[in-house]
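# Descriptive structure summary
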Amino acid sequence: MKLWQGRFEGSSNELANIFNSSLSFDTRLATYDIKGSIAHVKMLKKQGIIDASDANEALNALSELLAEINDGSYAIEGDYEDIHMAVEEILTQRIGDAAKRIHTARSRNDQVALDMKLFAKEAIYELTGSLEALIAAFRSKAYSHLDDLMPGYTHMQKAQPITLAHHLSSYIEMLLRDRSRLQDCLQRMDTMPLGSGALAASTFDIDRHFLADELGFREPSANSLDSVSDRDYLLELLFCLSALMMHLSRFSEELIIWSSEEYAYVSISDAFSTGSSMMPQKKNPDILELIRGKAGRVYGSLITLLTVMKGLPLAYNKDMQEDKQTVFDAIDTALACMQILAVLLEECTFNTAKMLKSVQESFCSATDLAEYLVKKGCPFRDAHFIVGSLVKKCIAENKWLSELSLTELKEQSRLFEQDAYQSLDPKTSVYTKSAYGSPNPDIVRQYLDNIMLYQADSNKN
Ligand code: ARG
């Protein structure tokens, strides 16, 4: 018999039961659901809404069930409609009437909102840990390549000299923004929905501030109607994960290109590569391609939930049950990608000699040469034209700028002197840059020194 059987005639259709049930995926919320019930029953007891002996009996049974689930000795299974019904029915089987009182002044609508928030808050903690471990992997790689020069690119064309550390540090910046976005989203989701009831709270004198304290929230949510129909916190989390996956995907894409024979800037460890079933020579960067592909899957979760929510009138509608699998999947996917990328990065080997050659045999120092002329008094626009003409001459004569004689330089501008050649050295280029945020290895080192990793650092202690 259904817990809501009272107003119904006969039994429900078996296909409808199966279609309606969320138990196959929301058992993942079991511990949060039970913790929510424990807080709720404590509150009902404190407020004198249910008597102390019933409350104590229910609290003992809830704690027991929680312990059994945590130690794996009990798994919730059966043809329950969802995890909330399952917990109440299991409790009723175990202790009878006392269990039938725990749903006083509560609905599955505020319960599920609470469970998902408790779940999301814990997920953010876990995601932050993995994110910080990944940042730590980028940082340690960057420390090993502070002085390793490479071409920086725009439009996939060689542009200016940078260092590999500067390049890797740019991903640290992205990941630090991802961390701060997650924290930001955590702040906003920190309102406690329980006590909103189905949509309009309850006639009982419930204490929602007590519930908020018990369940570790900053405060109770301020509008019962919004509270049961709000999934913004999941949408924000999915956006955070989408942005994060976009960053992982861009880095994966770069490593994929760099591991090609044409670039040969990096060698991915054999342990993280795969072969071809037909072509014996192949070593493929499948793991990186999968990360790039999974970014699409996480974006899909965001679009799924946005679309589920877009036409829903207030307050709760069953459509919202569709939030779970897609949110779980996005979190699991992002965690798995961060974890594998951190190890893959640690184990890959950058071909710094190839990168150096690539920046030396390029026109990457053309801007430095133009700035050299500007420092000697030439207007920048004129300097740009002069160096552009020199590049054109080099291309025609199959030379690099450093191979032009001083006489040839002077043909374009009498301001050129012997010291012009120093500005063509990529190492001089990066070390001359003194602005905050520039690729100067001293500045990049300071940047890396100053990164604060909260969870990753506390794990070390
Ligand atoms: N399984 C439901 C969900 O995931 C729980 C809330 C059900 N509420 C209701 N009135 N049917 O959204």
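Residues numbered from 1 in each chain as written. Predicted model: local features only at pLDDT ≥ 70, side-chain atom pairs only at ≥ 80, totals over all residues. Heavy atoms only, no water.

Moving on, we get to the packing of helix 3 (residues 30–46) against helix 7 (residues 108–144). The axes of two packed helices give the description: the angle between them and the distance between them. For the pair helix 3 and helix 7, interaxial distance at closest approach is 9 Å and the crossing angle is 120 degrees. Judged by the inter-axis angle, helix 3 sits oblique to helix 7. In this structure, helix 3 meets helix 7 at a crossing whose hand is right-handed. Every residue of helix 7 that contacts helix 3 at Tyr32, Asp33, Gly36 and Ser37 is listed here: Gln111, Leu114, Asp115, Leu118, Phe119 and Glu122. (Axes fitted to C-alpha atoms, helices over the stretch in contact; angles between N-to-C directions. Helix = DSSP H or I, 4+ residues; strand = E, 2+ residues; numbered from the N terminus. Parallel < 35°, antiparallel > 145°, perpendicular 65-115°, else oblique. Left-handed = near helix turned anticlockwise from the far one by under 90°. Contact = heavy atoms within 4.5 Å.)

The local shell around the ligand consists of Ser22, Asp26, Asp82, His84, Arg108, Asn109, Val112, Tyr316, Gln321 and Lys324. At 2.9 Å from a nitrogen atom of the ligand is found a side-chain nitrogen or oxygen belonging to Asn109. Within the contact set of the ligand, an oxygen atom lies 2.5 Å away from a side-chain nitrogen or oxygen of Tyr316. Contact with the protein chains covers 86% of the free accessible surface of the ligand, which is 340 Å². Top contributing element to the shell around the ligand by residue count: helix 7, with 3 residues. Across the shell around the ligand, the residue classes break down as 2 nonpolar, 4 polar and 4 charged. (Near = heavy atom within 4 Å. Polar contact = N/O pair within 3.5 Å; in protein donor to acceptor, adjacent residues only side chain to side chain. Areas by Shrake-Rupley, 256 points an atom, 1.4 Å probe, with all protein chains shown as cover. Nonpolar A, V, L, I, M, F, W, Y, C, P; charged D, E, K, R; others polar.)

Okay, the environment of Leu215 next. As for its position among the elements, Leu215 is in the loop between helix 9 (208–214) and strand 4 (219–220). In this structure Leu215 comes out as buried when scored by relative accessible area, which is 12%. (Buried < 20%, exposed > 50% of the residue type's maximum accessible area, 1.4 Å probe, protein only.)

Judged from the 6 bridges that link them, strand 1 (residues 149–154) and strand 2 (residues 157–163) form a sheet pairing that is antiparallel. Bridging across to strand 2, Gly152 finds its partner in Gln160. (Pairing = 2+ DSSP bridges.)

A word on the packing of helix 7 against helix 20 (residues 441–449). Closest axis-to-axis distance for the helix 7/helix 20 pair is 10 Å, and the angle between their directions is 155 degrees. Looking at the two axes, helix 7 sits roughly antiparallel to helix 20. Pair helix 7 / helix 20 crosses with left-handed handedness. Along the contact surface, helix 7 presents Arg139, Ala142 and Tyr143, while helix 20 presents Arg445, Leu448 and Asp449.

A few words now on the pattern of salt bridges. Across all of its chains, the model carries 28 salt bridges by this definition. Where Asp329 meets Arg297, a salt bridge forms, and the shortest distance between an N and an O atom there is 2.5 Å. Residue Asp329 is located in helix 13 (residues 323–347), and its partner Arg297 is located in helix 12 (residues 286–309); the two are separated by 32 residues in the primary sequence. On the accessibility criterion, Arg297 (42% relative accessible area) is partly exposed. Between Arg445 and Asp442 there is a salt bridge, and its shortest N-O distance comes to 3.5 Å. (Salt bridge = Lys/Arg side-chain N within 4 Å of Asp/Glu carboxyl O.)

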